[in-house]
Each structure stands twice: as C-alpha cells, then as structure tokens.
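Chain by chain, the residues:
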Amino acid sequence: MRTVNRLKAFIKKPHNIILVGLAVILAYLTLFPLFSLIRDTFIVHPSEIMSVKGAAVNDYTLFHWRKVFLDGERSAKLFYLPLWNTVQVSLYSSVIAIVLGGAVAWLVTRSNMRFKKFVSVVFIFPYIMPSWTLAMAWLNFFRNRLVGGAPGLFTALTGIATPNWFAYGMFPTSIVLGLHYSPFAYILIGGILRNMDANLEEAAMILKASRAKILARINLPIVMPAILSTFLLVFSSSMSAFAVPAFLGTPVRFQVLTTQLYRTLNGLNPGYGYIMAVVMIVIGTAILAANQWFVGKRKSFTTITGKSSNSSIVNLRKFRTPVSVVLLALVVAVAILPLATFAIESFIMAPGDYSAKNFTAQFWIGEGAEDIGGGEPGVLRNKYLYLALWNSLKLSVIVSLFAGTVGGLAGYAIVRGRGTKLASFVNNLAFFPYLLPSMAFGAIYLSMFAKPTLIIPSLYGSFALLVLVGTVKYLPFASRSGINAMLQLSGEIEEAGVILGIPWHKRMARIIFPIQKASFLSGYLLPFISCMRELALFVLLITPANRVITTLLFQYNEKGWNQWANAINLLIVAIVLIFNTVINKITGASIDKGIGT
Amino acid sequence: MPQIQLNNITKRFGKFVAVDKLNLVIGDGDFVTLLGPSGCGKTTTLRMIAGLETPTEGEIYIDGRLVFSSEKGIDIAPDKRDVGFLFQNYALWPHMTVYQNIAFGLENLKWPKDKIRARVSELLAMLKIVPFEKRYPSELSGGQQQRVAIARTLATGPKVLLLDEPLSNLDAKLRTEMRAELKRLHMETDSTFVYVTHDQLEAMTLSTAICLMKEGLLQQYEAPMKVYAGPSNAFVADFVGSPTINFVETSGNNVNLDEIKAEAPGMRLLFTPVSGSLTLRRDHPVAIGVRPENIRLGEPEGLSGRIYSTLPSGMETIVKIQVGDTQLTSVVFGSVDYPLDSPITVSFAGDACLLFDRETGEKLASGSVRIIP
C-alpha cells in the first residue's frame, strides 16, 4: 500500500510526469544512438565488404579499430594527425575566444571605453552568423593562387601574395573559430562581471591593492568558473566544427576529425568515421566531467549578488581613445567587413579582378548563361534557392517550436525536481546532444532511422528526420534557457497558484511563462538561429527534395561557384540577423539570455 | 591625529541630490553614527569619505590632509587615504580562505611573511575565529563572516574605520552581541569610527555622537543623549527612541505670561517652558512631544482614557492608551496586564516634554505639561 501511495504522490506532481516522459524519450533519442554508434564501430558496412576480407555485411569485426589505432603510418594519417590537429585548433581557438571575449567583456562592463553600446551589439554578430562566414571572408581576403583560382582582395589591393600557412590550414582555422566563439566568452564572462559585487573590488582597493593586482587576484579568480565553462563550450564546439576546417583546410589537405569524419562516412569506410565520432564524444564528455568536478569543488562562486554601483568603472585615461578605436576597428573587421566582401564577391564576373567593368549583377538576377556555371540562373531567379530557403525556414521554425517547448518543459521539470536522481539524469540527457559532433549525430540518425524501428517508420530522406535530428541536437540550448528561467523564479510564485487551486497547465501558461517570457523565448530563438545556419548536422541527411539553404551553399562552394556561394551566404546572414533583431526587439528574447549568465 | 572634516559636501546623481551641503567635523577617537532612513545620503557620505564616491562639490580633510576638493581638483585615491572600510555585505573574497582574506591587505603593504602570519594569528584570536582560518567564506555563518570582515579591515591598523551598516545582515541576538564587541573594539583600537546605520538603537548605544540625516540634509549632530532629550525638530524626535515619542497635536495659545494652553479633544493641557519664554500666534498649530517613559498611568487627576492594547515583554510593558482622538504609548516597568478597553488615567511627568511647531517641524521649547482639570 505504501508503495502505491508513494507512486500516487509521485505522479501527482506534473514535473515528475515530465521527467519520466523525457527520460524515456531522450534515452531513446540520445543513448540508443550512442549504443548504435558504438555497435557501428564493430560491424562491417556494405561499402566495406571489399576491404574486410571474407566478411559479410553486419559481421562483427575489430578491423576498424585496428586500422584506426594500430596501423602505424596509415593510422597516423587517418586518425592521429587529424586528432592532434583537432586538439590544437580547439585549444588555440578556445584561448583566442577567451582572451578576446574576456577582454571585451571587461572593457564593456568595467571600463569607461567609448562606443560601448555599438561594440556590445555588434560583437555578438560573429556568433549569430554561420561559422563559415568568417572562413569565407578569410578566403575572400587572403586566398592565394594555390587552388588555381584568383587571389583574394588582400593580394589584389597590396600585391603581396599570402603564404599558404597564413591563407589555409591551422592558423586561419584557429583564428576564425576563435573569433566565432569569442561572443560566447563575452556573454558568459561579461555576465559574471556585470553581476559581480563592486564591493569586492572596492574592499581590495581600500587595502591598497593596485589595479593590476585587483584584476589578477580578485576579478580573474572570480570569473574563473565562467572562463572554464567557456573553455568547455568552445573547445567542444571547435572540435565538432566542420564547415570552417572544410573551407580553410581542404586546399592544403589540413585534416581534422570532422573533415575525416565527412570523408570516411561519405566514402568507403564509415566504420572509421564512427570510431572518430566515439573518440570525439569521449573527449567532450571528459571535458564536461572535468568542468563539473572543478566547478563543484569550489561552488558558490558564481552566485555573487549585491548592489552593484557603477563606481568601480575603471578610467582608462590616456588609453581610452586608442583602446576604443582599436576595438571598434576589430568589431567592424570581424562583423561587418565580411559582409562587404560577400557583397563584392557576389557581384564580380571573373574572380580576382576588382576593376569596375568586371562588376555584374549576373549572379543575383541573371538569366543564366551557358558559359557561366552551367547555365545556373542568378540566386534571386533560382527556383532551387527559393525551395531551399523555404525548407530552411520551415525546418528552423518547426525545430525551434519543438526544441523550445520541450526544452522549456525540461527546464521546469529539472528545476522543480532538483536534487533527485531522475532530474539530474534528465538534465544530463538533455545536455548530452551538445557533446555529440553534429556530423556523427547526423550519421547515426541516418543509420538508425533508415529502416523502420519500433513504431517509427523509415524516415530516410524525409523532412521529419531533419526535424527530429535538429530538435534533439538543439535541445541543450533550449533546456539551458529553461533551467535559467526557472532558477530565477522562486518556487513560491508557483506555490501561490497551487494553493488557489489553479491547474498546472494554467500555472504554466498564465504565471510561469509570462514572468520569464524573455528567457523561455530565448530557448526558441537559439535553436532557430542555430538551425538556420547548420551545415554539418544535415549534410549527410539531405536529399535533393529537402535541400536546405546551407547545404545548397556548400554544394556551390564545392563546385567552386564562388559568386553564388557568396550571394547565398549574404542572404543567410541577413535573414539570421534580421530574425534575431526583430525577435529580440519584440519579445526581449536574446542569445545571451539563452546561453545563460 | 585623525580628524575628519567635511566642508560643504554636496553629491548629486543626475538631478537627484543625495547629500546637500553637508558640514561635519568628526573628532579624533570619536564614534560617530550617520543615522537616518534609507535614501537619506548616509552611505553616500561614508563612501565619499572613503573615496569610493566622488563628491560633486566641497572639501574633505582626513587627519589635516586635504583628500578631496572640487575647487582645487584634488581627489586622493581610496588606497591613499589610510582608511578601513567595512561593507554591509562584508565583501569577503569568495575564492580566498579566511587567512588569505585577512592577509591580503598586509601583502599589499609588502610585509614579510612571518610578520603577516603573526598579525593574522593575533586578529584571528582577537575576533575568536581561530578554528576557521582555512575555511572559505561560503563555509561560514553570517556572524563568522562578519568577524572575518572586521579582522580584514583591522589588519592594517587603519586609524579611521568606516563601517557601512555592518550589523544589518545579522539576526537580532547576534546583533546585540556584536554591538558590545564593536564598542570594545573602538576603545581597544583607539581609532576614529564612522558608522552608518538606520537603526536608532545601534546609534544610541554605540556612538559618541549621532549625525542624523534626512533627504541629504543634516538634521542634528550631537551626543546621543542630547539628541534624545533635545531633538532639534519633530523628525529627529520621532526617529530616535523606541517606542517612538508621542505627539499630541493641538493648537496653542499664550496664557499667564509664559505658559501655553493647548487643547485637543479629550484633553486640556498647560505647557510650561523651562527653556525660556515663547510667543505663539493665536491658535498656533503645535504638537506636544512626550517620551513614553514620561507618561504615567493610573495616577489621580489624570486625563481619562481607555486601554487600547497591552504589549508585555517581561522586563517592561508597552501600553497603548486612547485619549480622545489621540493614541498615546507608555512604557511601564515590569509585566503588567490591563484588560482591553478598561478605563485608565494618564498624566505627564518631568520637564523633558517638547513643544514643536507643526508647520515647520522645528522644536519651540522644552518644559513640563500639566493637566487643566
């Protein structure tokens, strides 16, 4: 009887029902793929029949593991070198992101820098824009004659040919990823700095600590947890970034794990790719565990409150103008200049020739001529483009609706059930997709849903598969927003409704959601934006009928149709920025609320 | 020796005037409280003395040295003013242990390690926090954090100690204990204390002088008992003392040379000034202020009233009595209980009753109040 009563009490609470439901569904959608991924590393796939001698499809084998890890020189080329490249790129880009983002965060929140408002708005752009935006801009600027095409703007303007190491490979990849993720660091570290009790600095100042010492001994240690979690996020994001190394690394055969993943999954040895995906997941999980261990060890750091006065704004004195101008120039170079290069590149006929007579609107509104790109019409007259754009929008809206709603509910249930094993299980499950490299995630879903499983019919080539994979992949963003929203809301607010006998759905709709509207809506905004600019996740799942705009861009780029690619990129950036701004203005939802400070 | 002098200090935040032409001299070794309701400018004043806030106008001297002057463009940085500051929320650095928190200021003074060790040990012992040396602030209770904050502030031996509502985050019992300790600390350290509080009891019990402020304006600056007995206006009289002073709102007329006759529903009173004679205009709106301890109950020939409520607390009992339109509060020693609405007589004792102008709030006189039968 007691068990029955306990069970009754358990299911009376809505958050328990949500938790149980999510635990089951998410286990199926994240853990099951993980097992299926691991299984895939041990079996023979159809395309591998030739290489694994005497085996039949679906036979168990250690062939892939042997080849990837133990095959001397070939393992080095296939796996160890790309792994080492990945680690280096992720490390460098994390450092760049943290140093740059942290510096800007400090300047904006704690100094009397000029142009604060402009900088704080525009500095976020690189994160809102697709990651390859900067990569393409880099190529537009600095490409050399290596790939046979025309050199970029930089060479055209100065006559200096860029060396390979500068134009392609590790160096630009690290820089571009670092710039792309520095808004992350800016938002996380800035949030802490903004909420940090100014008294902590004042106390040190009165005890005769110098400015530098306050920064080193007070500010830095206090933002350390934020720096660490930025490091975790940037490192694992860089590790699973595909587009940037694909754009910048390919010309010099600079391989990282994701590009190898794409080659092997798309090629003859998917088994290798699955192993690499497992390795990436293991690294990501290890970083996450390390971070949690570290943060847990010295908790209560980030919960710093107190009346903040703006009295501790540091006067930069004679550095004020130089610092402000340099930062302004940087922001313009990183966030605005790339767009200008897209515009320019999309209007010139023969690449590399920037003289006035070479400008044409052909690639925007042209009919399509036999001698240019196989008769492909300009983007604005291109029915494939409109189809892809429509697909992208449709997909992003649906994904954001699903992910935002599920994430909001997950946030509610996780916070309400805080402290229970079930809640932390669901919390981890909801965050887990973040650690799965997008492309590997796509690959698993491809193999999982290619044939009917349980009650789900075969989804291969269907739009539903894209929705499913997008929803699960972006759930971490939405659940973070939901958790943040709920943590800021005292439980008594809901309890006051419970006492009055207001049913749960009404409490959610009339009390909880309206109060934390901006935070919850941010949980819809992030998946939308991420989905609009996602490439790696969809690139393996796309069939011609449901092509989205990013895969279209990738195809044009692979074909070397530079002008179309630039034009489409400009369109994507414009759409994402406009959506972000409009949604932000109307609802107050914003990226930084979603990332959570 | 450290004397703090504020000349015509004004602080404006935009259009809002937080502190208005404040003149204040805090003597060496004083324990001065800046007292007032929230938003009266007391914390701003303290922060201006420390150099954490920049005054809009005026001059500040600490220990004879000009540390701020709006005219001469002097603004000495907080770290060069040789003051200690105790923050309301303690502002302990969360990532440092108790030891590191206390030692930080000494490190900045480039003390040798062994001397720092000795000094910190001394403070840990003095504030009775020796067992917590290696703990982080989050592992301490509010009272312990408070002691660490005091130790940190005292470590460098500042001659001027600025305290911003240091007890307001503690529970009532701890607050009483810490009050006693602060008073001892003042004696032992032989330094000048400037103490911000909105708690009049704290101000009364601790300080050598109270500086009472309201909306950025100085109301009165005197020793606590003088402020209590001779408030300069009705606001001060009302703010200081618990339970608060009784005001009988009447209109007054001069009678018999220097006496004032005051009438209100249910009472006819005669006020005899002891502070000198006083001329009122006809039916001048005045208020008679009587401290609760000066209201006597149950004596013959008193005003007749009814018991409104009785609040015994053991050592004393607060009795509220309704007389006509006026409600009076009296404090009676010991535990007494009156039935609600029972009749009782009320009379006024002593010559420390006060007469205020109801239009300006100014105190007009002090004296005794008799009841006209």
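The rules behind the values
Residues numbered from 1 in each chain as written. Chains lettered and ligands numbered in written order. Predicted model: local features only at pLDDT ≥ 70, side-chain atom pairs only at ≥ 80, totals over all residues. Heavy atoms only, no water. Helix = DSSP H or I, 4+ residues; strand = E, 2+ residues; numbered from the N terminus. Rg over C-alpha atoms; globule rule 2.2 N^0.38 Å. Buried < 20%, exposed > 50% of the residue type's maximum accessible area, 1.4 Å probe, protein only. Contact = heavy atoms within 4.5 Å. Areas by Shrake-Rupley, 256 points an atom, 1.4 Å probe, with all protein chains shown as cover. Lys, Arg positive; Asp, Glu negative; His and termini not counted. Charge placed at Lys NZ, Arg CZ, Asp CG, Glu CD. Domains from an automatic or database assignment. Buried area = accessible area lost by both parts, 1.4 Å probe. Nonpolar A, V, L, I, M, F, W, Y, C, P; charged D, E, K, R; others polar. Salt bridge = Lys/Arg side-chain N within 4 Å of Asp/Glu carboxyl O. Polar contact = N/O pair within 3.5 Å; in protein donor to acceptor, adjacent residues only side chain to side chain. pLDDT = per-residue confidence, 0-100. Pairing = 2+ DSSP bridges. Axes fitted to C-alpha atoms, helices over the stretch in contact; angles between N-to-C directions. Parallel < 35°, antiparallel > 145°, perpendicular 65-115°, else oblique. Left-handed = near helix turned anticlockwise from the far one by under 90°. Patch = residues over 30% accessible without salt bridge, like charges linked within 9 Å, V, L, I, M, F, W, Y side chains within 5 Å.

Can you lay out the overall build of chain A for me, pointing to particular residues and giving the numbers?
Counting secondary structure elements, chain A contains 28 helices and zero strands. The C-alpha atoms of chain A give 25 Å as radius of gyration, which agrees with the globular expectation for 597 residues (25 Å, within 12%). Looking at chain A as a whole, 56% of its 597 residues qualify as buried. For chain A, the proportion of contacts with a sequence separation of at least 24, taken over those separated by at least 6, is 74%. Here chain A displays about 25500 Å² of accessible surface, and carbon together with sulfur accounts for 68% of that area. Separation between the mean location of the 50 positive side-chain charges and that of the 20 negative ones in chain A comes to 11 Å.

Please provide a residue-by-residue account of the domain arrangement of chain A, values included.
All names here are of chain A. We note that the domain assignment places domain 1 (13-60 + 400-524) and domain 2 (62-304) within chain A. The distance between the C-alpha centroids of domain 1 and domain 2 comes to 26 Å. Contacts between domain 1 and domain 2 engage 26 residues on the former and 30 residues on the latter. Buried area between domain 1 and domain 2, summed over both chains or domains, comes out near 2200 Å², and the portion from carbon and sulfur atoms is 74%. Sorting the residues of the side of domain 1 that touches domain 2 by element identifies helix 2 (14-40), helix 19 (421-435) and helix 20 (438-448) as the ones contributing at least two each. Looking at side-chain class alone, the side of domain 1 that touches domain 2 contains 17 nonpolar, seven polar and two charged residues.

Outline the domain arrangement of chain B, listing residues and values.
Accessible area lost upon the coming together of the parts is a frequently used measure of interface size. Residues and elements named next belong to chain B. Examined at the domain level, chain B breaks down into domain 1 (4-237) and domain 2 (246-371). Each of domain 1 and domain 2 has a C-alpha centre, and these two points are 38 Å apart. Facing eight residues of domain 1, the contacting portion of domain 2 comprises eight residues. Among the residues of domain 1 in contact with domain 2, Tyr228, Ala234 and Ala237 are the three that bury the most area, contributing 56% of the side total. At the junction of domain 1 and domain 2, the tally comes to zero salt bridges. Taken together, the connections running from domain 1 to domain 2 amount to five residue pairs in polar contact (both at pLDDT 80 or more). In terms of residue class, the side of domain 1 that touches domain 2 is built from five nonpolar, three polar and no charged.

Explain unusual backbone geometry to me, using residue names and the numbers behind them.
Residues and elements named next belong to chain B. Of the consecutive residues serine 242 and proline 243, the connecting peptide bond is found in the cis state with omega at -5°. By the secondary structure assignment, proline 243 is in the loop between helix 8 (234-239) and strand 12 (246-255). With a phi close to 55°, aspartate 82 is a non-glycine residue in the positive phi region. With respect to the helices and strands, the residue aspartate 82 is situated in the loop between strand 6 (74-75) and strand 7 (83-86).

Provide a residue-level description of the confidence of the model for chain B, including the pertinent values.
The predicted model of chain B has a mean per-residue pLDDT of 90, with 100% of residues at 70 or higher. Both scores are given for the predicted complex: the pTM is 0.77, the ipTM 0.80.

Account for the pattern of salt bridges, with residues named and values stated.
Following the criterion strictly, the structure yields 27 salt bridges over all chains and no others. The partner of A:Arg507 in a salt bridge is A:Glu494, with the nearest N and O atoms 2.9 Å apart. Residue A:Arg507 is found in helix 23 (residues 504-515), and its partner A:Glu494 is found in helix 22 (residues 491-499); the two are separated by 13 residues along the sequence. The exposure class assigned to A:Arg507 is buried, which follows from its relative accessible area of 8%. B:Lys42 is paired through a salt bridge with B:Glu165; the nearest N and O atoms lie 3.8 Å apart. Note that B:Lys42 is positioned in helix 1 (residues 42-50) and B:Glu165 in the loop between strand 8 (160-164) and helix 5 (172-189), a separation of 123 residues in sequence.

Residues and numbers for helix 14 (residues 257-266) of chain A, please.
The buried fraction of helix 14 of chain A amounts to eight of the 10 residues, a majority that puts the element mostly inside the structure. Taken together, the buried positions of helix 14 of chain A are occupied by A:Leu257, A:Thr258, A:Thr259, A:Gln260, A:Leu261, A:Tyr262, A:Thr264 and A:Leu265.

Report on the sheet that holds strand 19 (residues 326-333) of chain B, specifying residues and quantitative values.
Residues and elements named next belong to chain B. A sheet is described by the order of its strands in space; here five strands give the open sequence 16-20-17-18-19, paired in antiparallel fashion. Strands with a single pairing partner mark the edges of an open sheet, and in this sheet they are strand 16 (295-297) and strand 19. Neighbouring strand axes in the sheet, compared pairwise and without regard to direction, differ in orientation by 45° on average. Relative to strand 19, strand 18 (residues 316-323) runs antiparallel, the two being bridged by eight bridges. Along strand 19, the bridge assignment pairs isoleucine 318 with valine 331.

Give me the sheet that holds strand 4 (residues 57-62) of chain B: which residues, what numbers.
Residues and elements named next belong to chain B. Spatial ordering of the open sheet is given by 2-1-4-5-6, a layout of five strands whose pairing is antiparallel. This sheet does not close on itself; its edge strands, each paired only once, are strand 2 (16-26) and strand 6. In this structure, strand 1 (residues 4-13) lies alongside strand 2, joined through seven bridges in antiparallel fashion. Following the sheet pairing, isoleucine 9 is matched in strand 2 by leucine 22. Relative to the sheet, helix 1 contacts strand 1, strand 2 and strand 4, its axis offset from that of strand 1 by approximately 120°.

Help me get a handle on the pairing of strand 5 (residues 65-69) of chain B, residues and values and all.
Remark: a regular strand shows side chains that alternate across the two faces of the sheet. Residue and element names in this part refer to chain B. With four of five residues buried, strand 5 is to be regarded as a mostly interior element. In this structure, the hairpin formed by strand 4 and strand 5 is closed by a connection of two residues, where aspartate 63 is found at a positive phi of approximately 55°. Direction of pairing for strand 5 relative to strand 6: antiparallel, over a ladder of two bridges. From the neighbouring strand, phenylalanine 68 faces strand 6, where its bridge partner is aspartate 75.

Can you lay out the packing of helix 4 (residues 72-110) of chain A against helix 10 (residues 170-195) of chain A for me, pointing to particular residues and giving the numbers?
All names here are of chain A. Running from N to C, helix 4 and helix 10 cross one another at 40°; their axes reach a closest spacing of 5 Å. Judged by the angle between their axes, helix 4 and helix 10 are oblique. Between helix 4 and helix 10 lies a crossing of right-handed hand. Broken down by class, the residue content of the contact of helix 4 with helix 10 amounts to 19 nonpolar, 11 polar and two charged.

Any details on a nonpolar patch on the surface? Residues and values, ideally.
Residues and elements named next belong to chain A. Taken together, Phe10, Ile11, Ile17, Val20, Val24 and Ile25 make up a surface patch of nonpolar side chains, about 520 Å² in accessible area. For the nonpolar patch, the elements supplying multiple residues, two or more each, are helix 1 (2-12) and helix 2. A total of four residues in the nonpolar patch trace back to one element, the largest contributor, which is helix 2. Residue position: valine 20 is located in helix 2.

Mind laying out the environment of A:Val252, listing which residues take part and the relevant values?
Residues and elements named next belong to chain A. With respect to the helices, strands and loops of the structure, valine 252 is situated in the loop between helix 13 (243-249) and helix 14. Remark: the alpha-carbon pair of valine 252 and phenylalanine 441, spanning 189 residues in sequence, is separated by 27 Å. If near-sequence neighbours (up to four positions away) are discounted, valine 252 is found in contact with Leu146, Asn164, Tyr168 and Gly169.

I'd love a proper account of the interface of chain B and chain A, names of residues and values included.
Listed by partner, the interface residues are 29 residues for chain B and 23 residues for chain A. Taking both sides of the interface into account, the surface hidden between chain B and chain A amounts to around 2300 Å²; carbon and sulfur atoms contribute 61%. Three residues stand out in chain B for area buried against chain A, namely B:Asp79, B:Trp93 and B:His95, and they jointly supply 23% of the buried area on that side. Here chain B and chain A share three salt bridges between them. Notably, a salt bridge pairs B:Arg47 with A:Glu202, separated by 2.7 Å at the nearest N-O pair. Going through the elements one at a time, helix 1, strand 7 and helix 2 (98-108) of chain B are the ones with two or more residues in the side of chain B that touches chain A. The biggest single contributor to the side of chain B that touches chain A is helix 2 of chain B, with four residues. A breakdown of the residues in the side of chain B that touches chain A according to their chemical character gives 13 nonpolar, nine polar and seven charged.

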